[in-house]
Amino acid sequence: MLKGKGILLRPVRRSDISYFLKWFNDPEVIQYLSMYLPMTEMAEEKYIEELGTTRAETVAPFVIEIIEGDSAKPIGTIGLNRINNKDHNAMFGIAIGEKDYWSKGYGTEATLLLIDYGFEQLNLHRISSFAFSFNERSIRLHKRVGFKEEGRQREAVFKNGKYHDHVVFGILREEWSGHRK
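The model shown is predicted, which means the values in this text are computed figures rather than measured ones. (Residues numbered from 1 in each chain as written. Predicted model: local features only at pLDDT ≥ 70, side-chain atom pairs only at ≥ 80, totals over all residues. Heavy atoms only, no water.)

### Some remarks on the overall build of the protein chain
Here comes step 1: Across its full length, the protein chain holds six helices and eight strands.
Here comes step 2: Counting helices and strands in the order they occur from the N terminus, the protein chain gives β-β-α-α-α-β-β-β-α-β-α-β-β-α.
Here comes step 3: Taking 181 residues into account, the globule formula puts the C-alpha radius of gyration at 16 Å, and the protein chain, at 16 Å, falls close to it.
Here comes step 4: Taken over the C-alpha atoms alone, the protein chain extends approximately 40 × 40 × 35 Å along its principal axes. (Helix = DSSP H or I, 4+ residues; strand = E, 2+ residues; numbered from the N terminus. Rg over C-alpha atoms; globule rule 2.2 N^0.38 Å.)

Quick look at the structure:
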């Protein structure tokens, strides 16, 4: 578990399926994600089951919980995917599924915890990410935590009835060390 001031990042549990089904079948949430097909309970059960296999070596998923007194409430998910131990890189992703918690700083705090974990615990050299060009919150988040915009894939994503750019981001360990201080 990774603990911040107001949040906790904890491993995914089987009991999280109901949250994932709610979040990832909400059109307002998934408009900002690569997914576009409905999420089924069977697919999510299979994903969670695979986390206990060799796939666990290439993904580090967490549930974001906000700490409210003595209890915690799940509000989203964050993780490093496609972890490559040879090249020491990974792909970052985040989704705040509980819309009442958007734009409250929880995503930033969770991202800072996860990036630190990636560089300091997983010994990564580089973390990559992307955002859709219309997702201004995500673009601001990436820049706020130290990611550099590395380019754009023009009109690479079809969402909400039209094509949008895919904004490509990356952060290197040395950039993180400087940003962190």
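### Describing unusual backbone geometry
Here comes step 1: For Ser-103, which is not a glycine, the phi torsion comes out positive at approximately 60 degrees.
Here comes step 2: Mapped onto the elements, Ser-103 comes out in the loop between β5 (89-96) and α4 (106-120).
Here comes step 3: A positive phi angle, close to 55 degrees, is found at Asn-160, a residue other than glycine.
Here comes step 4: Structurally, the position occupied by Asn-160 is in the loop between β7 (148-159) and β8 (162-172).
Here comes step 5: The class for Asn-160 is exposed, based on a relative accessible area of 54%. (Buried < 20%, exposed > 50% of the residue type's maximum accessible area, 1.4 Å probe, protein only.)

### Things to note about the packing of aromatic side chains
Here comes step 1: Within the structure shown, the criterion is met by 13 aromatic pairs.
Here comes step 2: Seen from their ring centres, Tyr-32 and Trp-102 are 6.0 Å apart, and the 75 degrees between their planes marks the pair as edge-to-face. Residue Tyr-32 is found in the loop between α2 (27-30) and α3 (41-50), and its partner Trp-102 is found in the loop between β5 and α4; the two are separated by 70 residues along the sequence.
Here comes step 3: Among the residues examined, Trp-102 registers a relative accessible area of 17% and is labelled buried.
Here comes step 4: Arranged with centres 5.8 Å apart and planes meeting at 25 degrees, the rings of Phe-132 and Phe-134 form a pair that is stacked.
Here comes step 5: Taking the relative accessible area as the measure of exposure, Phe-134 reaches 23% and is therefore partly exposed.
Here comes step 6: Its end group placed over the ring of Tyr-32, Arg-137 keeps NZ or CZ at 5.4 Å from the ring centre. (Phe/Tyr/Trp six-rings, centres within 6.5 Å; stacked < 30°, edge-to-face > 60°. Lys NZ or Arg CZ within 6 Å of the ring centre and 35° of its normal.)

### Describing the pairing of β8
Here comes step 1: In this sheet, β8 lies alongside strand β6 (residues 126-132) in antiparallel orientation, the contact comprising seven bridges. Opposite Ser-128, over in β8, you have Gly-170 as the bridge partner.
Here comes step 2: With eight bridges joining them, β7 and β8 adopt antiparallel strand pairing. Along β8, the bridge assignment pairs Lys-159 with Lys-162. (Pairing = 2+ DSSP bridges.)

### Examining helix α5 (residues 136-144)
Here comes step 1: Every buried residue belonging to α5 is among Ser-138, Ile-139, Leu-141 and His-142, and all of these are buried. Down the axis of α5, the buried side of the element spans an arc of 160 degrees, and every buried residue falls inside it.
Here comes step 2: At its buried positions, α5 is contacted by β5, α4, β6 and β8.
Here comes step 3: At the exit of α5 stands Gly-146, carrying a positive phi of roughly 110 degrees. (Arc of directions from axis to C-beta. Contact = heavy atoms within 4.5 Å.)

### Description of the pattern of salt bridges
Here comes step 1: According to the stated counting rule, one finds nine salt bridges in the structure shown.
Here comes step 2: Measuring nitrogen to oxygen at the nearest pair gives 2.9 Å for the salt bridge that ties Lys-22 to Glu-98. Separated by 76 residues along the polypeptide, Lys-22 in helix α1 (residues 17-23) and Glu-98 in the loop between β5 and α4 bring together distant segments of the chain.
Here comes step 3: Its relative accessible area of 48% is what places Lys-22 among the partly exposed residues.
Here comes step 4: A salt bridge links Arg-152 to Asp-165, with the shortest nitrogen-to-oxygen separation between them at 3.4 Å. Here the residue Arg-152 occupies a position in strand β7, and Asp-165 occupies one in strand β8, the gap between them amounting to 13 residues.
Here comes step 5: Accessibility expressed as a relative area gives 41% for Arg-152, which makes it partly exposed. (Salt bridge = Lys/Arg side-chain N within 4 Å of Asp/Glu carboxyl O.)

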